[in-house]
Amino acid sequence: MPKPRYLGTSASWPLLDEIRESFLLIVGLYRTKAYKSFLSSTQTSPHDIAISQLLPHISTPNIHKISVQDDTRLDFIVVGGGTAGNTVAGRLAENPNVRVLVLEAGVGNSKDIEEIRTPAEAMQLRNSKYDWAYKTTMVKRDDYERIEKPNTRGKALGGSSSLNYFTWAPGSKGTYGMWEEYGGKEWTWDPLVPYLRKPATYYDDEKAYPEELTKIGGGGPIPIAHSALIPEMQPFRDLLTEACKSTGHPITENIFDGTMLGLIHSVNTIYQGRRSGNFLSVADKSNVTILPEVHSKRLIIDEASRTSFSLLVKSSSRKGFFETPKLLMLSGIGPAPELAKHSIPLIVDSRWVGQNLLDHPGVPFVLRVKDEYGMDDYILRKGTPKHDHALNAYSKGYGGPMGSGFLELVGFPRIDNYLERSPEYRAAKASNDDRDPFCPYGQPHFELDFVCLFGSAFQWHYPTPSEGSYITVMVDLVRPVSEPGEITLNSVDPLQQANINLNYFNNDLDIIAIREGIRYAYDILKHGEGFQDIVLGKYPWKMPLHDDELMKRTVLDRSQTSFHPCGTARLSRNIQQGVVDPSLKVHEVNNLRVIDASVVPVIPDCRIQNSVYMVAEKGADLIKQDHKDIYA
Ligand SMILES: Cc1cc2nc3c(=O)[nH]c(=O)nc-3n(C[C@H](O)[C@H](O)[C@H](O)COP(=O)(O)OP(=O)(O)OC[C@H]3O[C@@H](n4cnc5c(N)ncnc54)[C@H](O)[C@@H]3O)c2cc1C
């Protein structure tokens, strides 16, 4: 067996003496073999091994222990216990004889943390200790540049599924069709549908929705359900639905068969008032051991054989980073010029690592509405009778508004008529064989999130109003045409975050699209039947709807992430096209796979957690297929 080369440290790595296959999940997952000699050399008692012995580079204040039988071995180590990582860990642990260790940079007890489990608290998690809180370049144009902090990403078991805003949508068939160019036929809608449905179990306890929707949950560990129809939100629901109908916006409950158009009651990762984060995939699995509050510094890759062996880890710090491309680059896999800048020895010149950073830019806006239509008093105004009422209801079986994620009504419109008004759009369409440059396969142009209170996570530049009721609308452009952004190294120090440039609005067409999307949303709310009567004003200032130049400035100033970054280690047919092959193995490296949001080659046309779970479910099956000895 070739000797591993220990990057960046002189420390030895005696423990994993024979590695059969390695995988990178968010950060990494390793299949190992022949631990017996290691175990016998390190055991402190017949049945306990201190993790500090297992992983000598951890300096954790707590002594984490795993129990190991005399003759057991660890089969897999998953690094990054997030949305994808835990799905894979949970699936691999379906064989009760397999032992899985999960290394997670954040806390490990998400399941028991009330702020994480209580849906109405979700927006308060921004910039908390459970948030990586990245500094991010949002816009970098010759005429405009903007850097923001924090950009939220989950740092807790369950990853971003522990902090996200719950909506569960699969995306359109047309967009998955575009994945074929990168992953081949097996990465298109029809073969992926079972994986989109496998992670969840759908509940409709009140039998309020079409029975056929049970198909969207295939018995998986994540309970999903339509938003509970909280009575306090009924007036908002009714009026918004009426307003949409009267302005010709379609209403539907089925966005799960490849077409996503219309206003829906959102399905969410909330069940019976509790967040269904992906700590659930590994909960109560006796053959999965979680090691929290450690993170990986780099992979150990043998230079001669280009074989991944293991990784070095360190105790956690407050700094976070977009981990996968950064870890690859720190380990010698990445664009040669980028690695040379930091004097990192090159193992594989993989030019797409860190490139193709995709996300949905969005512009939020807030309207003040009549008091009975907003939930602000119930959720945001501590000490008021309504807030007490909400707390009281939640304390009795997780009922009432605290159990809501508030993204209850979501619209997926096409706005061709609005776009056609723009000469720039018409020219772009004409030069694209007269096909819509954004959504040529019938996909929605936008996801419109209608939130019936002041949504601080979407409006962090403005103070939360101390009185009155509000609604927040997030206008997410789901098929932007700007050049993707990139992640580059900031330093060789693994604890420094990478440079993140989302590169929004590198193409003016995206500004025009969002401008029109805002106008469309305003038209529903200001002119739709019923709703117009409850709008009292705009907050914090008026939207300059009638002035294109001012709207451009508004979009540049007020746009923000919809929290869906992906694509920086994309799926591909070869190394000229991307980072991982259709089996999610890293090109030109043995024993290494990437399974997380970074492999997504074309961003889905909605919020992306369902797609990330899908990638992980498929990834788990791909791993199993390669290890038939333990997965018959
Ligand atoms: C605020 C917010 C709101 C969102 N809302 C929605 C929504 O409503 N609907 C939707 O569909 N999607 C939503 N998303 C997107 C969705 O949640 C994410 O795309 C998805 O969860 C990403 O999964 P992942 O496995 O790629 O990464 P994550 O789930 O983020 O997992 C990465 C994990 O790796 C850990 N980690 C990182 N580095 C290291 C290291 N070096 N060592 C050890 N561990 C490490 C992290 O702590 C984390 O647990 C939202 C995201 C955010 C942040």
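The following refers to the structure shown. (Residues numbered from 1 in each chain as written. Predicted model: local features only at pLDDT ≥ 70, side-chain atom pairs only at ≥ 80, totals over all residues.)

Some details on the sheet that holds strand E8 (residues 144–151)
What counts is decided by this rule: When DSSP finds two or more bridges between a pair of strands, those strands are recorded as paired. Only DSSP runs of H or I covering at least 4 residues are called helices, and only runs of E covering at least 2 are called strands; the numbering of each starts at the N terminus. Note on definitions: angles span 0 to 180 degrees between N-to-C directions of axes, and those axes are lines fitted to C-alpha atoms, for helices only across the stretch in contact.
Reading across the sheet, the four strands line up as E8-E7-E25-E24 and stay open at both edges, with mixed pairing between neighbours. In the strand order of this sheet, the two ends are held by E8 and strand E24 (486–488), each with one partner. Looking at each pair of strands side by side, their axes are set apart by 25° on average, direction ignored. As judged from the six bridges shared by strand E7 (residues 134–141) and E8, these two strands associate in the antiparallel manner. Paired with arginine 141 across the strands is tyrosine 144, a residue of E8.

Overview of the packing of helix H7 (residues 189–197) against helix H17 (residues 609–626)
Defined as follows: Comment on the angle field: the value is read as roughly parallel under 35 degrees, roughly antiparallel over 145, roughly perpendicular from 65 to 115, and oblique elsewhere. Once C-beta atoms have been placed from the backbone, residue pairs whose C-beta atoms lie within 7 Å are recorded as contacts. For this scheme, ten residues count as nonpolar: Ala, Val, Leu, Ile, Met, Phe, Trp, Tyr, Cys and Pro. Four count as charged, namely Asp, Glu, Lys and Arg, and the remainder, Gly too, count as polar.
Across the interface, H7 lies against H17 with an axial gap of 8 Å and an inter-helix angle of 100°. Regarding the angle of H7 to H17, the classification is roughly perpendicular. Residues Leu192, Tyr195 and Leu196 of H7 touch H17, and the partners they reach there are Asn610, Met614, Glu617 and Lys618. Of the residues belonging to the contact of H7 with H17, the class tally is four nonpolar, one polar and two charged.

Thoughts on the environment of asparagine 506
Selection rule: Think of it as a crowd count around each C-beta: if 20 or more other C-beta atoms lie within 10 Å the residue is buried, if 12 or fewer it is exposed, and in between it is partly exposed, with C-beta placed from the backbone throughout.
Position of asparagine 506 among the secondary structure elements: in the loop between strand E25 (499–504) and helix H15 (508–527). Its 18 C-beta neighbours within 10 Å are what place asparagine 506 among the partly exposed residues. Setting aside residues no more than four positions away along its own chain, asparagine 506 makes contact with Arg141, Ser482 and Glu483.

A few points about helix H3 (residues 83–92)
Most of H3 sits inside the fold, with ten of its ten residues counted as buried. Along H3, the residues classified as buried are Thr83, Ala84, Gly85, Asn86, Thr87, Val88, Ala89, Gly90, Arg91 and Leu92.

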